[in-house]
Amino acid sequence: MTTLAKHSAPVSPAPDKPKPYGGLRRFGDLKIALLFIAPAMIGFIVFYVVPTIRGVYLSFTEYNILGDPEWVGVDNYTAIAKDPLFWNSLAVTGQYVFLNIVLQTALALGLALLMHQVAKSTIIRGALLMPYLMSNVIAALLWFWMLDYQIGVVNQFIEWAGLPRVAFFGSEEWAIPTQAVINTWRHMGYTALLIFAGLQAIPGHVYEVAKLDGASAFQTFRKITIPLLRPVLVLVLVVTVIGSFQVFDTVAVTTAGGPVNATRVIQYYIYQRAFTESDFGYGSAIAVILFLILALVAFIQMKFLKGNESDLD
Amino acid sequence: MTTTASRAQLAAATRRRRPFNPRRAAAWALLVLAIAVSVLPFLWVLRTALSTNNALATNAASLLPAELSFGAFKRVFGLQSAADAVAEGGSGAQIDFWLYLRNSIVFSSITTAGAVFFSAMAAYAFARLRWKGRNAVFSLFLGTMLVPPIFTALPNFLLIKNLDLLNTMLGMVLPYIFMTPFAIFFLRQFFLNMSREVEEAAMLDGAKHLRIFFQIVLPNAAAPIATLALLTFIGQWNEYFWPLLVGSQDDVRVLQVGLGVFKSQSPQGAPDWSGLMAATLISALPVLILFAAFGKKIVNSIGFSGIK
């Protein structure tokens, strides 16, 4: 559900409609506004602004919770540059993100097109949305059971098909793809609904014109649907990438970074350094790097895919 | 005789209206498959929770519960003696899901109530009041949506620790209770679109902003506020990382964290699958109930949050 909050939506400035008695008071409604905004402002400053600054500061210190943070300059960053576990976590997370983009976007786009063609009922949309409403922990445990090597139902089917059983969580090559499939399962319906909403926003007359011009179904899809859907697709891509980079819950519950280092994703590595090894400075430095990666990814996607412009205008 | 005839007519009529179209049929088949993949795992969880562990091993793929039993649910709620629990493949360790359930309800309710109410106040100030720097402050608030939660989680953990609030409900709810950027954004959008006439009339009558907010704006925005509360509650119910960091002790542990603990307690290597699935189902139940009751609200909100 948290991903709901990550959507960058267009910000329209509030209209300054003059009030019946407006203009007389120099500061407008500043006083009463301060009262209305005070609680939110406290939360904003104490739990968003200060920790952001403190997080950056901590990344330049050595700090194991007990004493005081000790300034060490860029030592943490130079250590990270030489840390094979960090580079491994980056590679593992990258693999996970890539699999999620491909699987999720392709499946969700297909699903959205199907819904647009044959079924628009709320019940069908609701059924597809169900996995998304479940927590990561529940999704993880549910699949941990169904994919169990010994008595999981999926391996039972695999055996009936005459294939060898698969250690989905226990083998190094399968662990990350399995995590990606679980995440795709949870988000597929949600992403499809986002794209579906985008499809419905395309005016019908555009398609009628294409039909009159004798365009084939594939041509219409490639020349009309995809370009007009671009802002939604970019949004979906940004949400998917940013969300997948922060994978933690499913890994923590099922494989805890293993087998060996196969699923030690960035956020799990930060968690381990900060909380298991009480190395807050080092953990914060990796968190800063993750933050920068996410900002860069969002910037590139918005800039080069022009996510905030629609071809409809 | 007449019924058969009319049925035949009806069938003919439907056929005429919708000639069999192989592409349509294929589309439906794929859609049904997608729905099955989304929904069937939950039935599988129910089936497993109603089975006994010993029978699960030999009936790995039977559709109905293997040896129907409510033992797993009893075990999860601590109603089964340790000896019985071990005999049925449980760990025998006491796990008090009633406590976790209560904690989850308290945690999600308090954070939802606080975040929605305070965000509504802030949204009113951003949508209706005129003050210098309003749009700049609003942009700053929105900017916090871009900061990854892990980044602020570390310093926030230290803050809660310094305040000596680790393993307290207060420490768990504090970061969420004042606002969420999404809630402010969501409600501001609705307030902007609401008609000003009633408010302006009240203002001419000398009503103050506080009264207008409580007596006019809040009641008129009841529907979007309910939707927001629903989304926030589900999100908070599913929260895992922060409660894991701050609430690791039994008396404040929430269900999602408790589930992880349950999973790691496996006697002699074989996990207590039916117990774990019963616990999973219980953890999912409140969300399932909310979804059954307000599914339409939730489904229709997706279009809004994604693209306005």
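Reading the values: the criteria
Residues numbered from 1 in each chain as written. Chains lettered and ligands numbered in written order. Predicted model: local features only at pLDDT ≥ 70, side-chain atom pairs only at ≥ 80, totals over all residues. Helix = DSSP H or I, 4+ residues; strand = E, 2+ residues; numbered from the N terminus. Buried ≥ 20, exposed ≤ 12 C-beta atoms within 10 Å, placed from the backbone. Contact = placed C-beta atoms within 7 Å. Axes fitted to C-alpha atoms, helices over the stretch in contact; angles between N-to-C directions. Parallel < 35°, antiparallel > 145°, perpendicular 65-115°, else oblique. Left-handed = near helix turned anticlockwise from the far one by under 90°. Nonpolar A, V, L, I, M, F, W, Y, C, P; charged D, E, K, R; others polar. Expected span 1.5 Å × (residues − 1). pLDDT = per-residue confidence, 0-100.

Asker: Which residues make up the overall build of chain A, and what values do they have?
Answerer: Each helix and strand in chain A was counted, giving 12 helices and 2 strands. Expressed as a percentage of its 313 residues, the buried residues of chain A come to 41%. Sequence separation of 24 or more characterises 71% of the internal contacts of chain A that already satisfy a separation of 6 or more.

Asker: I'd like to hear about the overall build of chain B, residue by residue, with values.
Answerer: Per the secondary structure count, chain B includes 16 helices and 0 strands. Within chain B, the fraction of its 308 residues that count as buried is 44%. For chain B, restricting intrachain contacts to residue pairs at least 6 apart in sequence, the fraction spanning at least 24 positions comes to 72%.

Asker: Could you give me a rundown of the packing of helix α3 (residues 84-118) of chain A against helix α2 (residues 22-49) of chain B, with the residues and numbers involved?
Answerer: Packed helix pairs are specified by the crossing angle of their axes together with the interaxial distance, meaning the distance between the axes. Packing of α3(A) against α2(B) brings their axes to within 10 Å, and their N-to-C directions diverge by 125 degrees. As judged from the angle between their axes, α3(A) and α2(B) are oblique. Along this stretch, α3(A) crosses α2(B), giving a crossing that reads as left-handed. Across the interface between the two elements, A:L111, A:L114, A:Q117 and A:V118 from α3(A) touch B:R24, B:A27, B:W28, B:L30, B:L31 and B:A34 from α2(B). Considered class by class, the residues forming the contact of α3(A) with α2(B) number 8 nonpolar, 1 polar and 1 charged.

Asker: Account for helix α12 (residues 280-304) of chain A, naming residues and giving values.
Answerer: Compared with the 36 Å implied by 1.5 Å per residue over 25 residues, the 36 Å span of α12(A) between its first and last C-alpha is a close match. Every buried residue of α12(A) is listed here: A:F280, A:G281, A:Y282, A:G283, A:S284, A:A285, A:I286, A:A287, A:L290, A:F291 and A:L294.

Asker: Account for the environment of B:G71, naming residues and giving values.
Answerer: Looking at the secondary structure, you find B:G71 in helix α4 (residues 71-76). Of the residues examined, B:G71 has 25 C-beta atoms within 10 Å and is grouped as buried.

Asker: Can you explain the interface of chain B and chain A? Please cite residues and give values.
Answerer: Opposite the 86 residues of chain B that make contact, chain A presents 86 residues. Considering every element that reaches the side of chain B that touches chain A, the biggest residue donor is helix α16 (residues 273-306) of chain B, with 15 residues. Of the residues that constitute the side of chain B that touches chain A, the class distribution is 58 nonpolar, 20 polar and 8 charged.

Asker: Give a description of unusual backbone geometry that names residues and reports values.
Answerer: A positive phi is found at A:V260, a non-glycine position, where the angle reads about 50 degrees. With respect to the helices and strands, the residue A:V260 is situated in the loop between α10 (249-254) and α11 (266-276).

Asker: Now, about the confidence of the model for chain B: what can you tell me, with residues and values included?
Answerer: Residue and element names in this part refer to chain B. Averaged over all residues, the pLDDT of chain B equals 83, while 87% of them reach at least 70. Within chain B, the element-level pLDDT minimum falls on helix α1 (residues 2-17), averaging 54, and the maximum on helix α9 (residues 169-177), averaging 94. Two numbers describe this predicted complex: its pTM, 0.86, and its ipTM, 0.84.

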